[in-house]
Every structure is written in C-alpha cells, then in structure tokens.
Amino acid sequence: MQISLFDGNKKFLFKKPIRLIEFFAGYGSQALALKELGVEFQHWRICEWAVKSIQAYKDNHFVNDDNDYSKDLSHYEVVKWLLNKGISSNYNEPMKENQIIHLGEEKARKIYNNIIATNNLVNISSAKGKDLDIRDTDKYDYVLTYSFPCQDLSKAGKGKGMARDSGTRSGLLWEVERILDECAELGNLPQILLMENVPDVIGTNNLPHFREWRDKLESMGYKCYWQVLNSKDYAIPQNRERCFMISILGDYYYTFPQSYPLINKLTDVLEKVVDEKYYLSKKGLIYAFDCNRVCDNTKRGDLGDRKVNPSVAKTISCRGAESQRADVTNFVVGDNSVEY
C-alpha cells in the first residue's frame, strides 16, 4: 500500500559512493545491513545519545580505533564537553553534570573517545543541518536513516503518539524535519531517507501525523513509498512486523522486494550450547507452558501471541505494565525454543 499520490518516472539506482548518516543510530543496524550485503559505504555521521548504545556502535563498527582523542583535555573539560553534547544514561533524558562526574575520569574519557571515533552528533535536539556536512552530492549519494523512538507509538507503550510539539519521545521525529529544513537552506539534502518503525506508526491514532510528515517530505521534493514488512517473509524465522518508508529526492519510483518462502526454522539459527544464565528458571518454564494452555481460550492480542513455537520467534516486546519481567524472550530448552 502506498500513501504517495504520484509515483516517480524512473527507478533510482545507486551510481555513486554512499555516505551513511544514522539518526537514532543505536548499535548501527542499518550499517550492519549494508555490510552484510557487501555494499561499500562511509560512516559519515551518526546521532546517538545513549552511553551504552554509543559503546555498542563503536564496538560494532570502529573496534580498531583506540585513539585517545581526549589526551589534550583535562577531566573537567571532558565533563563539560559531554554535558554540552547531552549524553544520556537512561535513554530518556540527558545526564546532569554531577552524574557525568560520578562516572569517573576513565569512563568519561572513553565515552568522549567513542563519540569522536564514530562521528557522533549525540543529541538529535542539538544537531544542526550544517553538522551533517552534506557536500559534493554530485559525487556521493547520502543515505539518512531515522528509526525514531517507538515507545509512544507501540501497543506495548502508553500510546502518547508522535504529534508535532507533543514532547513525546516519538515526537522527536520533528527534530528530523528541523534538520532537513536547515539542510535545504544550505542547498544540500540527502538523496535517500529511510524510516523504520513499528506498524502503529500508521495506526489510526498516528496516521494523521504520519501523513503530515509524508506531505512535508513531498513538499521538499521527495517521493515517498511505504509498506509494512514481516521478517518471516524474508528468510528470518521471527514474526516481526515493521513499517518502512523510502523517500527519494527527485522524480524516482521504488518497489519493495517480493517476499519468499521461509526455509529456516528458529531451531536452525539458535545456538546449541549456551551459558546457563540464559536458561529459564522452573518458575519461568511453568509460566511459558501455562501461556500455551491459557491462550487456547484467549483471543489474539491478549495471551494468544505468547504461545510457544519452535519454528518462528515472536517479537521481543516491552510492556510498561509488566516491566518487572522479561516478556517474550527466546530461550533454548532441550531441542525446543521457549518464549517467556
């Protein structure tokens, strides 16, 4: 299904080297995907404020960069720099000065070095269009990904939405708009935009805001194409639906890849030998198998989506009302997979 009213006249093909920009970068899943596909690209910029994710990105993509970029700075200067950048320890709010000091000098310097090594702008709310340094677009194709927070969209969240000026985490989408506007003023927009989020981004409550966003992109010269895809339709034994939108600058069209039969089962990809710390407790086993019995008399969306299935994994979710226990996490029990 497409929201865009007019398709482009020609197919977009990458003919130039790619410079990748990842907003809400996490550990860099989009970069990992390009690596798996064998696509050559430059890590041009990322934007990620969570300390643990910054470390994960560095470990995944810049593991050999052991430079001490902070060597000419005092501990106090490093703390002030991190404070101004707006790093976060809890994914929800920036750290305060005393919290950064409490990290200790060694850890503060490590975070500083990770940020420099990964070309990280850190806080999306502080990033500027000029910081993306988009230039020489006749020589490079810039791909900007923006998997903005889903907590306020997902059924597992509290449904606060992503409306403009809502102040929600999902509302950080509109910071992307601001940055693109600033890029447009400089005359250099990224040629490709990639959005990935939960299907609820086009749900009843969020669809008007999604359309507003789509309309904005089209007013800037992008053609937008979106579709909900399920990973189990693309060789991954996991039932995971996500909405993708491709926005291409210029008069281009795009078609999503056709699905194909699932060959591998979950048991084919799970490790055969795992540390005992990943085993379910007896209580956990009883709970998991009890879900199977209960879900036979329960409508889908209640307990019905938690049934044990050795073939296809469920999506790992996080429910605010059940935050004290893991929900739908895969474990190995004998030759079967158990979800808890």
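The rules behind these values
Residues numbered from 1 in each chain as written. Predicted model: local features only at pLDDT ≥ 70, side-chain atom pairs only at ≥ 80, totals over all residues. Heavy atoms only, no water. Phe/Tyr/Trp six-rings, centres within 6.5 Å; stacked < 30°, edge-to-face > 60°. Buried < 20%, exposed > 50% of the residue type's maximum accessible area, 1.4 Å probe, protein only. Helix = DSSP H or I, 4+ residues; strand = E, 2+ residues; numbered from the N terminus. Lys NZ or Arg CZ within 6 Å of the ring centre and 35° of its normal. Pairing = 2+ DSSP bridges. Axes fitted to C-alpha atoms, helices over the stretch in contact; angles between N-to-C directions. Contact = heavy atoms within 4.5 Å. Expected span 1.5 Å × (residues − 1). Salt bridge = Lys/Arg side-chain N within 4 Å of Asp/Glu carboxyl O. Right-handed = clockwise from strand over helix to strand, strands pointing away.

A few words on the packing of aromatic side chains. For the structure shown, the criterion picks out 11 aromatic pairs. Centroid distance Y146 to F148: 6.5 Å. Interplanar angle 15°. Geometry classified as stacked. Accessibility expressed as a relative area gives 2% for F148, which makes it buried. Plain terms: the ring middles of F210 and W226 are 6.0 Å apart, the flat faces sit at 80° to each other, and that makes the pair edge-to-face. Of the two residues, F210 sits in helix α7 (residues 207–219) while W226 sits in strand β6 (residues 222–230), which places them 16 residues apart along the sequence. One aromatic cluster is present, built from ring pairs that chain together Y146, F148, W174 and W213. Positioned over the ring face of W44 is R19, at 3.8 Å from the centre of the ring.

Right, let's get into the sheet that holds strand β3 (residues 41–47). Within the open sheet, the six strands sit side by side as β3-β2-β4-β5-β8-β6. Their pairing is mixed. At either margin of the open sheet sits one strand with a lone partner, and together these are β3 and β6. Each adjacent strand pair in this sheet contributes to an overall mean axis angle of 20°, direction not counted. Bridge count between strand β2 (residues 18–23) and strand β4 (residues 141–146): six bridges; the pairing is parallel. Counterpart to I21 in the pairing with β4 is L144. Against the sheet, helix α1 (residues 29–37) makes contact with β2, β3, β4 and β5 (192–197), and its axis sits at roughly 150° relative to β2, the strand it touches most. Against the sheet, α7 contacts β4, β5, β6 and β8 (241–249), and its axis sits at roughly 140° relative to β6.

For the rest of this paragraph, the subject is helix α6 (residues 173–186). An α-helix turns once per 3.6 residues; consequently, residues spaced three or four apart project the same way. Compared with the 20 Å implied by 1.5 Å per residue over 14 residues, the 21 Å span of α6 between its first and last C-alpha is a close match. Inspection of α6 places L173, W174, V176, E177, I179, L180 and C183 among the buried residues, and these make up the whole buried set. Lining the buried residues of α6 we find β2, β4, β5, α7 and β6. Immediately beyond the C-terminal end of α6, within one or two residues, lies G187, with a positive phi of roughly 85°.

This brings us to the pattern of salt bridges. Here the idea is simple: oppositely charged side chains can pair when their charged atoms come close. Within the structure shown, the criterion is met by 13 salt bridges. Between K16 and D141 there is a salt bridge, and its shortest N-O distance comes to 3.4 Å. On the criterion of sequence distance, the pair formed by K16 in the loop between β1 (10–11) and β2 and D141 in strand β4 is long-range, its members being 125 residues apart. On the accessibility criterion, K16 (27% relative accessible area) is partly exposed. Accessibility expressed as a relative area gives 3% for D141, which makes it buried.

Across the seven residues of β3, six count as buried, placing the element largely inside the fold. Pairing of β2 with β3, which is carried by six bridges, proceeds in the parallel orientation. Bridge assignment links R19 to a residue of β3, and that residue is Q42. The handedness of the β2 to β3 crossover, carried by α1, is right-handed.

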